[in-house]
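One-letter residues, chain by chain:
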Amino acid sequence: MASGHFFWAIFYFACLCSASLANNAKVNFREKEKKILDQILGAGKYDARIRPSGINGTDDKATQVFVNMFLRSISKIDDYKMEYSVQLTFREQWLDERLKFDDIGGRLKYLTLTEANRVWMPDLFFSNEKEGHFHNIIMPNVYIRIFPYGSVLYSIRISLTLACPMNLKLYPLDRQVCSLRMASYGWTTADLVFLWKEGDPVQVVKNLHLPRFTLEKFLTDYCNSKTNTGEYSCLKVDLLFKREFSYYLIQIYIPCCMLVIVSWVSFWLDQGAVPARVSLGVTTLLTMATQTSGINASLPPVSYTKAIDVWTGVCLTFVFGALLEFALVNYASRSADRAADMHRENMKKKRREMEQASLDAASDLLDTDSNATFAMKPLVRHPGDPLALEKLRQCEVHMQAPKRPNCCRSWLSKFPTSPFKKVPCLGRGQCSRSKRIDVISRITFPLVFALFNLVYWSTYLFREEEED
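Since the structure is predicted, the reported quantities are computational estimates derived from the model, not experimental observations.

> I tried to follow the pairing of strand 9 (residues 192-196) on my own but got confused; where do I start?
Two faces make up the sheet, and in a regular strand the side chains alternate between them. Here strand 9 shows a clear split, with Leu 192, Phe 194 and Trp 196 buried on one side and none of Val 193 and Leu 195 buried on the other. As judged from the five bridges shared by strand 1 (residues 63-78) and strand 9, these two strands associate in the parallel manner. Across the sheet, residue Val 65 finds its bridge partner in strand 9, namely Phe 194.

Structure below.
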């Protein structure tokens, strides 16, 4: 019985000792990390100015740095400045055999540093960067992990504003390719080579939302550059953006169509309503000019013609043409009025001459002898008799052979002179010429505008497919 108690006492004491040793081992584990860091990064043991050896520890081979990134957001794409802003998590990984250490039986997976200057770093820079900054809230968003076999992982969160040269010939039916370029600043390809990490080197956050663009796809590639100081390693990511057309359809194209159609209302107003037609034409013209100026203010001044320039230019031409049409109608109307006034004066003058001739004939008859008889005038047409001319013209009209009916002329004949002007016609179509200009414009302007739309959309949508 005593031996049993002695056995349990020894077992209990052994458990206490093992727990104490485990606690000591846990504390010593952190101390081991410090010792490892002091051992591999101590003064006189590691020089951060010297680049790591190449493949398999050979000094004559270039150091390989594998790059990958996580695209967190794209805040804006500026057409005027031709730039875009992006926030990303940038990662680099390379092998530095000088940083190998004992992982204590697999319990020490990696060591973490927050000071990048403690180890050698690749001299990478973004070649198309305009502005950039690191993130330091709450702490600097950067870390370095050192793995037991000497691999180093560098990760940092940065925000960049990058240049993006754009071709705006198809604007706003265009697609733009914006690049993100990374290159070595001082190390040539003989010393340092950047490579894309195998297996999805670029990741994009889900549900990436852009105001006026859609990120269709992205491509990774190499862009090594040669200068007079050597060849430098370079990586690039091409981001393909498609412009959202619905915004421009609602904000530009539909309002321009409405302005053009409103300018056609003047064709249906009476030609005598001068204030109404002038006000409508000038108002639509100024509104269209303001719309065009607002569109051009948001775009850079380029040397070529954009698709939106063609659209606004043609719409402005149609609105201006409607205003000129009223000027032509007004001129034709005033010309008809002057012709009618001249015709009226001529008729009055001929009537006075006829009355004067009748009075002269009556006086001649009174001067003759009382036994004289009244002479009957022969039924002969005198050359200067206006009444005879009018009767002869009517006879000729009635005796003319019937002509084949013309559809257009028959339809236009339904629009005679305005009922407010009781003026006889001076020849074919003289009185209704100004009215017929309006009637023809009611058909011609919409047909030409519809034809322009057919050509415009067919041309630019086809060119957009060619760009794809």
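> Help me understand the state of the cysteines in this model?
For the structure shown, the criterion picks out two disulfides. In this model Cys 164 forms its disulfide with Cys 178; the gap between the sulfur atoms is 2.0 Å. Between Cys 164 and Cys 178, the S-S torsion sits near -80 degrees, and that sign places the bridge as left-handed. With Cys 164 in the loop between strand 7 (151-163) and strand 8 (175-184) and Cys 178 in strand 8, this pair connects stretches of sequence that are 14 residues apart. Exposure class is identical for Cys 164 and Cys 178. Each is buried. Take Cys 256: it sits in no disulfide, and the sulfur closest to it among the cysteines is that of Cys 315, at 5.0 Å. Accessibility expressed as a relative area gives 0% for Cys 256, which makes it buried. The thiol sulfur of Cys 257 is not disulfide-bonded, and the nearest other cysteine sulfur, from Cys 315, lies at 5.8 Å.

> Can you walk me through the pattern of salt bridges in this structure?
Should their charged atoms come close, side chains of opposite charge can pair. Throughout the structure, instances matching the rule amount to 13 salt bridges. Between Asp 79 and Arg 243 there is a salt bridge, with its nearest N and O atoms 2.9 Å apart. Here the residue Asp 79 occupies a position in the loop between strand 1 and strand 2 (83-95), and Arg 243 occupies one in strand 14 (residues 234-243), the gap between them amounting to 164 residues. Of the residues examined, Asp 79 reaches a relative accessible area of 3% and is grouped as buried. A salt bridge links Arg 118 to Glu 115, with the shortest nitrogen-to-oxygen separation between them at 3.8 Å. The class of Arg 118 is partly exposed, set by a relative accessible area of 34%.

Cut-offs applied
- Residues numbered from 1 in each chain as written.
- Predicted model: local features only at pLDDT ≥ 70, side-chain atom pairs only at ≥ 80, totals over all residues.
- Heavy atoms only, no water.
- Buried < 20%, exposed > 50% of the residue type's maximum accessible area, 1.4 Å probe, protein only.
- Helix = DSSP H or I, 4+ residues; strand = E, 2+ residues; numbered from the N terminus.
- Pairing = 2+ DSSP bridges.
- Disulfide = S-S within 2.5 Å.
- Salt bridge = Lys/Arg side-chain N within 4 Å of Asp/Glu carboxyl O.

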